[in-house]
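Descriptive structure summary
What follows is each chain in one-letter form.
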Amino acid sequence: LTKQKVVVLGYGREGQATHRLLSQHKDMAALPVWVESDGSVGDGASGLGESLICRAFDQGLMEFDVAIRSPGIPVDHPALSAFRQAGGAVLNPSSIFFSERPDATVIGVTGSKGKSTTSSLLAHLINQSDQTAVLAGNIGRPLVGLLDATATSLDEQRADVVVAELSSYQLCDLNAHLRLSLITRLFPEHIDWHGSVAAYYAAKMRLFDLTKGQQVLVNARDPILMAEVSERPSAISANPWPPESKGSLHRADHGVVVDDEVVLRADQWPLAGRHNLDNAVMALSALDHLGLSAQQLAPSLGRFKALAHRLQRIDGPSGIRWINDSIATTPYATRAALESLEGQAIVLLVGGHERGGDWSVVIDHLKRWPLAGLVALPDNGQRIIEALSAQGVLEHCPVSQADDMMQAIHHAQQMAGSIKGQSNRPVTVLLSPGAPSFGHYQNFEHRGEVFVRAVGLLNSSD
């Protein structure tokens, strides 16, 4: 790259890590950065000075030899397509890591739901053994950031294994060599970015091309995923039901089981829901391929700390349970959250950026487990109310619309208080939006933080 004219496109986590790393080379100290494809300036770019380019991609991109594409920028952006046709090279930042570390042992983890939790569980398990792991990629440190000795600890640099969470944005043009890969679940997502369901699924399936010997573990409990890999004989089924053979590691209603032995009870760890037991099985199944014992390490999952914004229980006014599941950016994720709380009186907060999500999966669940209350957020909250009302699942459920998160919290508190007063039932207020955060928040983490702060203000005035 030092012999090329290089530009970094985008200045999110990966763009910043790439720029920081390459700028340490004297021949690239003035490395230019395009902040956004439309020329707008995002957070964190104010210190770039003259390196910052604030015009749209199609103005001047041809001046460069290599464009390093941050994951949020569509791989088929018209300006990038024209750039390639003119002979320019578009590079994925994570590909730089694999090029520089050809001997690294990397486990790739992806999925429409559960990839962050499964990646974190797997890294936790490895670190409880005689091996060490570092978490990177779409969670933790960007892969390219692991090359920056000034930003990584000695332990991270010396880790035996890199557990890399990989999004479809990263996978679509990634060059990598993976020791083992896992796919947790599959359902339509990010269609506005990929252009079609087929293109999105194809990005996920690139793991087979990137994994040595095509050792890809797939969650056998997911029918969509199993249908997609049905013609891939190299796919390794994990979490089968019924168990395929004696000794199969699988999820049962009461926990994770090998043969008839429960190696992890559902009440022994901090994560709720069957989908999280599936995530545990996927992580434990990977251990055998690393020469580690799933049975010996499974009890250590009781010490795992739940990730923020993923069914995160937070303190709130007494008598009401508050849960932050801001990471739920699709209706499928919202349904998984609801399933983990079956039998409880739930006031649900939904809504965000309109991306055409299919709410039928939530409607099917609500026909069996009705909501105690619904609060809709901008921008697509009204559409969600209409979709659910049309199917009759809100007939006996109080419904309100809010202009912002603080107002939504107040509405939810009033609903929960009324329900508790009438029935003396425990009530859970669940933020599980089923939609992205674009337009109102920087990302799902920011949305979750706003929710937590808003509940905290209720707590302080209680």
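Residues numbered from 1 in each chain as written. Predicted model: local features only at pLDDT ≥ 70, side-chain atom pairs only at ≥ 80, totals over all residues. Heavy atoms only, no water.

As a further point, take the environment of P32. With respect to the secondary-structure elements, P32 resides in the loop between α1 (13-22) and β2 (33-34). Overall, P32 belongs to the buried group, its relative accessible area being 15%. Residues P32 and V257 lie 225 residues apart in sequence; the distance between their C-alpha atoms is 53 Å. (Helix = DSSP H or I, 4+ residues; strand = E, 2+ residues; numbered from the N terminus. Buried < 20%, exposed > 50% of the residue type's maximum accessible area, 1.4 Å probe, protein only.)

The biggest cluster of nonpolar side chains holds 43 residues, and the ones touching the most others in it are F97, F98, L143, V162, L166 and I183. Those elements that place two or more of their residues in this core are β1 (6-9), α1, β4 (66-69), α3 (93-100), β7 (133-137), β8 (161-165), α8 (197-210) and β10 (216-219). When residues no more than four places from it in sequence are discounted, the contact partners of F98 are V106, L143, L174, N175, A176, H177 and L178. Ranked by size, the runner-up nonpolar core spans 38 residues in total, among them I126, V263, L284 and L307. (Core = buried A, V, L, I, M, F, W, Y, C linked by side-chain atoms within 4.5 Å. Contact = heavy atoms within 4.5 Å.)

Attention now moves to the sheet that holds strand β20 (residues 427-431). Pairing in this open sheet of six strands is mixed, and the strands run β15-β16-β20-β17-β18-β19 from one edge to the other. At either margin of the open sheet sits one strand with a lone partner, and together these are β15 (312-314) and β19 (399-401). Ignoring which end each strand starts from, the neighbouring axes of this sheet average 20° apart. Of the strand pairs in this sheet, strand β18 (residues 373-376) and β19 are connected by three bridges, and their pairing is parallel. (Pairing = 2+ DSSP bridges. Axes fitted to C-alpha atoms, helices over the stretch in contact; angles between N-to-C directions.)

Between W241 and P242 the backbone carries a cis peptide bond, its omega angle lying at -5°. A cis amide bond links P378 with the next residue in sequence, D379, at an omega value of 10°. Relative to the assigned elements, D379 resides in the loop between β18 and α14 (381-390). The phi dihedral of H309 falls on the positive side, at around 70°, and the residue is not glycine. With respect to the element layout, H309 can be found in the loop between α11 (294-297) and β15. Judged by relative accessible area, H309 falls into the buried class, the value being 7%. Positive phi, normally seen in glycine, also occurs at L311, with a value near 50°. Among the secondary structure elements, L311 is positioned in the loop between α11 and β15.

Buried residues dominate α1, accounting for seven of its 10 residues. All of the buried residues along α1 are E14, G15, A17, T18, H19, L21 and L22. Contact partners of the buried residues in α1: β1, β2, β4, α3 and α6 (168-171).

Taken together, the five strands give an open sheet; going across it, the order is β3-β2-β1-β4-β5, and neighbouring strands pair in parallel fashion. Two strands bound the open sheet, and with one partner strand each, they are β3 (52-53) and β5 (89-91). Of the strand pairs in this sheet, β1 and β4 are connected by four bridges, and their pairing is parallel. Each bridged residue has a counterpart across the sheet, and for L9 the counterpart in β4 is R69.

Pairs of packed helices are described in terms of their axes, by the angle between the two and the distance that separates them. The interhelical angle for the contact between helix α4 (residues 115-127) and helix α10 (residues 274-287), taken along N-to-C directions, is 45°, at an axis separation of 9 Å. Comparing the axis directions of α4 and α10 gives the class oblique. As for how α4 packs across α10, the hand of that crossing is right-handed. Here α4 contributes T117, T118, L121, L122, L125 and I126 to the contact with α10, which in turn contributes N276, N279, A280, M282, A283, L284, A286 and L287. By residue class, the composition of the contact of α4 with α10 is 10 nonpolar, four polar and no charged. (Parallel < 35°, antiparallel > 145°, perpendicular 65-115°, else oblique. Left-handed = near helix turned anticlockwise from the far one by under 90°. Nonpolar A, V, L, I, M, F, W, Y, C, P; charged D, E, K, R; others polar.)

Moving on, we come to helix α15 (residues 405-423). Under the 1.5 Å per step criterion, the end-to-end length of α15 is 27 Å for 19 residues, consistent within 8% with the ideal 27 Å. Within the sequence span of α15, burial applies to M405, A408, I409, A412, M415, A416 and I419. Buried residues of α15, viewed axially, fall in a sector of 135°; they line one side. For α15, the exposed residues lying more than 90 degrees away from the buried face are Q414, G421 and Q422. (Expected span 1.5 Å × (residues − 1). Arc of directions from axis to C-beta.)

If you trace the backbone, S326 turns up in the loop between β16 (320-324) and α12 (331-340). Judged by its relative accessible area of 0%, S326 is buried. If sequence neighbours within four positions are ignored, S326 has contacts with H309, L431, P433, F444, R447 and G448.

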